[in-house]
Amino acid sequence: MFDATEQINAVQRQVGSRTLEAGEARVTTISQTYHATVEDLWDACTNAERIPRWFLPISGDLRLHGTYELQGNAHGTIESCEPPHRFTATWEYGDEVSWIEVRLTPVDDERTRLDLDHIAHVDQDRWAQFGPGAVGVGWDLGLLGLATYLSGDGGGVTPEQSAEWSASDEGRRAMELSSRLWGEASIAAGTDADEAQAAAERTTAFYTGAPAA
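Remember, it's a predicted structure, so these values are computed and weren't measured experimentally.

A. Structural detail: the overall build of the protein. Counting secondary structure elements, the protein contains seven helices and eight strands. For the protein, the C-alpha radius of gyration of 17 Å lies close to 17 Å, the compact-globule estimate for 213 residues. In terms of overall dimensions, the protein has C-alpha extents of about 45 × 45 × 35 Å along its principal axes. Per-residue burial over the protein gives 41% buried out of 213 residues. Within the protein, residue pairs in contact and separated by at least 24 positions form 50% of the contacts whose partners lie at least 6 positions apart. Accessible surface, the protein as shown: approximately 11200 Å² in total, 49% of it carbon and sulfur. Taken as two groups, the 15 positive and 35 negative side-chain charges of the protein have centres that lie 1 Å from each other.

Right under this line is the structure:
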């Protein structure tokens, strides 16, 4: 039976920074090891027919320098592609541009580790308000969908069930746990503990609709 809490706890989270031409950027990294070959995981993450089975409907030209659009979410351009190990793309939402980098590393013949960096210029006020959970919780939900899809056992949360599940008690608990763990990752990166916890509480309120403490 699929356990959302177990899935959230199976993810590793890290907060850091990277210097880009435009200046210092925040880096939110989420990682998980899946029971899948690197070729299969690559296909699940890059095949336009498979992506909607665990994430969102996607359109575009999914190749180097091609563009993509995720229904109701981000769009962008694929900037590099090294199958089956790495791709990078812009992540454009509204008038903001950030970047994602996805890396796949074989652990053994049957398991592959996925690392996803979300790289963004975030002003200090917004970072102080929400911290890394602002994007991190969303990526946790994406990896939950991927884990559901790859398990193939009929359990878990499919894209068709995601809205209803997110509004359920189980969904809210999972998002609250994700937000708290991103707060812990922020503390590990050097953020003041009280500030990180307050930001995590505001992120939880944003995702679940519960009032922040």
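Next comes the rest of the write-up.
B. The arrangement of the side chain of S178 in detail. Here S178 shows up in helix α6 (residues 169-188). In contact with S178, other than residues within four places in its own chain, are I8, R13, G136, V137 and D140.

C. Representation of the pattern of salt bridges within the structure. In the structure shown here, the tally under the stated rule is 15 salt bridges. In this structure, the salt-bridge partner of R13 is D140, at a minimum N-O distance of 3.0 Å. Within this pair, whereas R13 is found in strand β1 (residues 12-20), its partner D140 is found in helix α4 (residues 133-151), the two being separated by 127 residues in sequence. Residue classification places D140 among the buried residues on the basis of a relative accessible area of 0%. The shortest N-O distance in the salt bridge between R103 and E101 comes to 3.3 Å.

D. Here's a closer look at α4. Counted at 1.5 Å a residue, the expected span for α4 with its 19 residues is 27 Å, and the 26 Å between its end C-alpha atoms agrees. Looking one or two residues beyond α4, the residue adopting positive phi is G152, at roughly 60°.

E. Main features of the sheet that holds strand β3 (residues 58-60). The eight strands are arranged β1-β2-β8-β7-β6-β5-β4-β3 in an open sheet whose pairing can be described as antiparallel. A single partner strand is all that each edge strand has here, and the edge strands are β1 and β3. Averaged over neighbouring strand pairs, the angle between their axes works out to 25° when direction is ignored. Sheet strands touched by α4: β1, β2 (23-34), β6 (86-93), β7 (96-106) and β8 (112-120). Its angle to β2, the strand with the most contacts, is close to 25°.

Cut-offs applied
- Positions within a chain are numbered from 1, following the residues in the order the chain's sequence is written.
- In keeping with the model being predicted, local features are shown solely for residues with a pLDDT of at least 70 and side-chain atom pairs are shown and tallied solely at 80 or more, while totals for entire chains, interfaces and linings include all residues.
- Excluding hydrogens and water, the side-chain values take into account all heavy atoms of the structure.
- Numbering of helices and strands runs from the N terminus; a helix is a DSSP stretch of H or I covering at least four residues, while a strand is a stretch of E covering at least two.
- In this setup the radius of gyration rests on C-alpha atoms only. A globule is expected at 2.2 Å times the number of residues raised to 0.38.
- We call a residue buried when its accessible area falls under 20% of the maximum for its residue type, exposed when it is over 50%, and partly exposed in between, using a 1.4 Å probe and counting protein chains only.
- Note on contacts: a residue pair is in contact if any heavy atoms of the two residues lie within 4.5 Å.
- Computed with a 1.4 Å probe, the accessible areas rest on the Shrake-Rupley method; for each residue, only the protein chains presented here act as cover.
- Neither His nor the chain ends contribute to the count of charged residues, in which Lys and Arg are positive and Asp and Glu negative.
- Note that the charge is assigned to NZ on lysines, CZ on arginines, CG on aspartates and CD on glutamates.
- Salt bridges are defined by distance alone: a side-chain nitrogen of Lys or Arg within 4 Å of a carboxyl oxygen of Asp or Glu.
- Given the number of residues in a helix, its expected span is that number minus one, multiplied by 1.5 Å.
- The pairing criterion for strands is at least two bridges between them, as found by DSSP.
- What counts as an axis is a line fitted to C-alpha atoms, over the stretch in contact for a helix, and the angles between N-to-C directions run from 0 to 180 degrees.

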